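So the chains spell out like this:
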Amino acid sequence: MLLAGKTVIITGASRGIGRAAAKECARQGARVVIGHSGSEQGTEAARSLIEEIAAFDGQAIEVGSDAADPDTGDRLVAGAVNAFGSVDVFVNNAGICPFHSFLDMPREVYLKTVNTNLNGAYFAVQAAANQMKNQGKGGAIIAVSSISALVGGGMQTHYTPTKAGLHSLMQSCAIALGPYGIRCNSVLPGTIATDINKDDLADEEKLAYMTSRTPLGRLGEPDDVAGPIVFLASDMAKYVTGASLLVDGGLFVNLQ
Ligand code: NAD
Ligand code: RM4
């Protein structure tokens, strides 16, 4: 029960990495706020997650609000405070990666990616941090960045800068929020099989290539990222701030 008594907000928690993290946080005793886009599909998925969590006597609520909207952070914090009375952990996970070539990148695809992955995240982190500061007992903020914060990627010129941005945001927020006991870290997943890359990895050659580049010999699963998120959220990591944790099966270090 590493997170007993804590309230955890996770954005993009209706599926993929966010869903696995939400479930593990609840298993570890946290009360969870499931952030999702507010679409019909997102709402349905969030409700099914609440049921899964309730099945082991965990507590969760859902808040639907577009991650790109600068007001979403305020809505998530209000939802958490109304339901559970506090915000102790904020996990910024929502993200998109509509794979596209650079020279003909449509402006709207670029702007949607940056607004969803980074601009909305900035204001959400700010909202969560202000709530934690006002509570006066510290907290933990975790950004789901990526291995792509450190290296470039084909068809990802719009995406990798957002992941580098989140990584950098956590470093600077660690300085800004350290005096309030609020720790800020990022996890850098490698290639995790989820909806975000389902089409990209439907190409069997690409799938075999990414798998062969990974020393642990397999792609990641959402659950592989949940433990590291719980660790950074928990008091086990009480002196860890401004750090980033690769969760990539060794992909990053595998030059040759
Ligand atoms: P996913 O597509 O399964 O999940 C993305 C989540 O973000 C979903 O819950 C989705 O509803 C939510 N989301 C998307 N747009 C949103 C919006 N406008 N408003 C609110 N929510 C929105 O993919 P995933 O792999 O679980 O991605 C989660 C995070 O992990 C992303 O930030 C992604 O960049 C990051 N990541 C993924 C991988 C990977 O290989 N899968 C690797 C590194 C980092
Ligand atoms: C990650 C990384 C993965 C890719 C996903 C979409 O950050 O680049 O390889 O599949 O994004």
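Residues numbered from 1 in each chain as written. Chains lettered and ligands numbered in written order. Predicted model: local features only at pLDDT ≥ 70, side-chain atom pairs only at ≥ 80, totals over all residues. Heavy atoms only, no water.

Colleague: Is there a simple way to think about a nonpolar patch on the surface in this case?
Modeller: On the surface, Leu150, Val151, Leu246, Phe252 and Val253 cluster together into a nonpolar patch covering about 400 Å² of accessible area. Mapped onto the elements of the fold, valine 151 is located in the loop between β5 (139-144) and α5 (160-177). Judged by its relative accessible area of 37%, valine 151 falls in the partly exposed class. (Patch = residues over 30% accessible without salt bridge, like charges linked within 9 Å, V, L, I, M, F, W, Y side chains within 5 Å. Areas by Shrake-Rupley, 256 points an atom, 1.4 Å probe, with all protein chains shown as cover. Salt bridge = Lys/Arg side-chain N within 4 Å of Asp/Glu carboxyl O. Helix = DSSP H or I, 4+ residues; strand = E, 2+ residues; numbered from the N terminus. Buried < 20%, exposed > 50% of the residue type's maximum accessible area, 1.4 Å probe, protein only.)

Colleague: When you look at the UniProt feature "domain: Ketoreductase" (unreviewed entry) in the protein in this model, what are you seeing that I'm missing?
Modeller: Here the UniProt feature "domain: Ketoreductase" (unreviewed entry) sits at residues 6-183. Helix makes up 49% of residues 6-183 and strand 16%, and the two end C-alpha atoms of the span are 15 Å apart. (UniProt positions renumbered as here; feature names shortened; annotations may be inferred.)

Colleague: Help me understand the side chain of asparagine 93, please; the structure alone is not making it clear to me.
Modeller: Summarising the element assignment, asparagine 93 is placed in the loop between β4 (89-92) and α4 (107-135). Given a relative accessible area of 11%, asparagine 93 falls into the buried group. For asparagine 93, the side chain forms a polar contact with the main-chain oxygen of glycine 12, separated by 3.0 Å. (Polar contact = N/O pair within 3.5 Å; in protein donor to acceptor, adjacent residues only side chain to side chain.)

Colleague: How should the environment of valine 77 be read in this particular structure?
Modeller: As for its position among the elements, valine 77 is in helix α3 (residues 72-84). For valine 77, a relative accessible area of 9% translates into the label buried. With 44 residues separating them in the primary sequence, valine 77 and valine 33 have C-alpha atoms 9.0 Å apart. Look past the residues within four positions of valine 77 in its chain and what remains in contact with it is Ile9, Val87, Ala127, Ala128 and Gln131. (Contact = heavy atoms within 4.5 Å.)

Colleague: Looking at this structure, how should I read the packing of helix α1 (residues 16-27) against helix α2 (residues 40-55)?
Modeller: Helix-helix packing is characterised by the crossing angle of the two axes and by the distance between the axes. Packing of α1 against α2 brings their axes to within 10 Å, and their N-to-C directions diverge by 25 degrees. Classified by the angle their axes make, α1 and α2 are roughly parallel. Of the two possible hands of crossing, α1 and α2 adopt the one that is right-handed. Across the interface between the two elements, Arg19, Ala22, Lys23 and Ala26 from α1 touch Ala45, Ser48, Leu49, Glu52 and Ile53 from α2. Its residues placed into classes, the contact of α1 with α2 shows five nonpolar, one polar and three charged. (Axes fitted to C-alpha atoms, helices over the stretch in contact; angles between N-to-C directions. Parallel < 35°, antiparallel > 145°, perpendicular 65-115°, else oblique. Left-handed = near helix turned anticlockwise from the far one by under 90°. Nonpolar A, V, L, I, M, F, W, Y, C, P; charged D, E, K, R; others polar.)

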